[in-house]
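# Secondary and tertiary structure notes
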Amino acid sequence: MGLLESYSWPGNIREMQNVIERSVIVYERDPFTVDPNWLSVETVSAPQPNVPLARKSAAEEKAAIETVLAATGGRVSGPSGAAAQLGMPASTLESRIRSLKINKFRFKKI
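All figures in this text were calculated on a predicted structure; none of them were measured in a lab.

Quick notes on the rules
- Residues numbered from 1 in each chain as written.
- Predicted model: local features only at pLDDT ≥ 70, side-chain atom pairs only at ≥ 80, totals over all residues.
- Heavy atoms only, no water.
- Helix = DSSP H or I, 4+ residues; strand = E, 2+ residues; numbered from the N terminus.
- Buried < 20%, exposed > 50% of the residue type's maximum accessible area, 1.4 Å probe, protein only.
- Polar contact = N/O pair within 3.5 Å; in protein donor to acceptor, adjacent residues only side chain to side chain.
- Patch = residues over 30% accessible without salt bridge, like charges linked within 9 Å, V, L, I, M, F, W, Y side chains within 5 Å.
- Areas by Shrake-Rupley, 256 points an atom, 1.4 Å probe, with all protein chains shown as cover.
- Salt bridge = Lys/Arg side-chain N within 4 Å of Asp/Glu carboxyl O.
- Expected span 1.5 Å × (residues − 1).
- Arc of directions from axis to C-beta.
- Contact = heavy atoms within 4.5 Å.
- Core = buried A, V, L, I, M, F, W, Y, C linked by side-chain atoms within 4.5 Å.

## Focus on the side chain of Thr72
The topology assignment puts Thr72 in the loop between α3 (58–71) and α4 (82–86). What makes Thr72 buried here is its relative accessible area of 13%. From its side chain, Thr72 meets the backbone oxygen of Arg75 in a polar contact 3.0 Å long.

## What to know about a nonpolar patch on the surface
A cluster of nonpolar side chains, namely Ile20, Val24 and Phe32, defines an oily patch on the protein surface of about 250 Å² accessible area. Looking at where Val24 falls in the secondary structure, it is placed in helix α2 (residues 12–26). On the basis of relative accessible area, Val24 is assigned to the exposed category, the value being 52%.

## Description of α2
In this model α2 runs 22 Å from its N-terminal to its C-terminal C-alpha over 15 residues, within 8% of the 21 Å that 1.5 Å per residue would give. Every buried residue of α2 is accounted for by Glu15, Val19 and Ser23. The arc that holds every buried residue of α2, seen down its axis, measures 70°, which confines them to one face. In α2, those exposed residues whose orientation departs by more than 90 degrees from the buried face are Ile13, Arg14, Val24 and Ile25. Its buried side turned inward, α2 meets α1 (2–6).

## Comments concerning α3
Taking 1.5 Å of rise per residue, the 14 residues of α3 would be expected to cover 20 Å, and the 20 Å separating its terminal C-alpha atoms lies within 8% of that figure. Where α3 is buried, its residues contact α4 and α5 (90–99). Gly73 sits one or two positions beyond α3 and adopts a positive phi of about 70°.

## Here we look at the nonpolar core
Across soluble globular proteins, nonpolar side chains show a tendency to be buried alongside one another. Formed by 13 residues in total, the largest nonpolar core has its most connected members in Ile65, Leu69, Leu86, Leu93, Ile97 and Ile102. Broken down by secondary-structure element, the contributors of at least two residues to this core are α3, α4 and α5. With residues near it in sequence (within four places) discarded, Ile102 still touches Lys62, Ile65, Glu66, Leu69, Ile97 and Phe107. Judged by nonpolar contacts, the second largest core, of seven residues, contains Leu4, Tyr7, Val19 and Trp38.

Quick look at the structure:
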């Protein structure tokens, strides 16, 4: 239980549901156990912003988003995506990217 409680669940309820279902299927013994290898490894390749994006000017917000997009190779969603690193839902980040006219595809690694 300590492992489940201490994990941040970047995939939200779906990730938790999958881990619990897998544990119930694989382990047929008491007590309930979860293999730590099933939990995704969280990576942070860009620093968390000190000031929430909502309090930054449009130019500062655009620069912060572009910095994180560059660090994530243009990935917006997922545990290692820019949204997770900025601490916001992927849909919100997508909206901000559109409104700030950021070309997220220029950050894609080929």
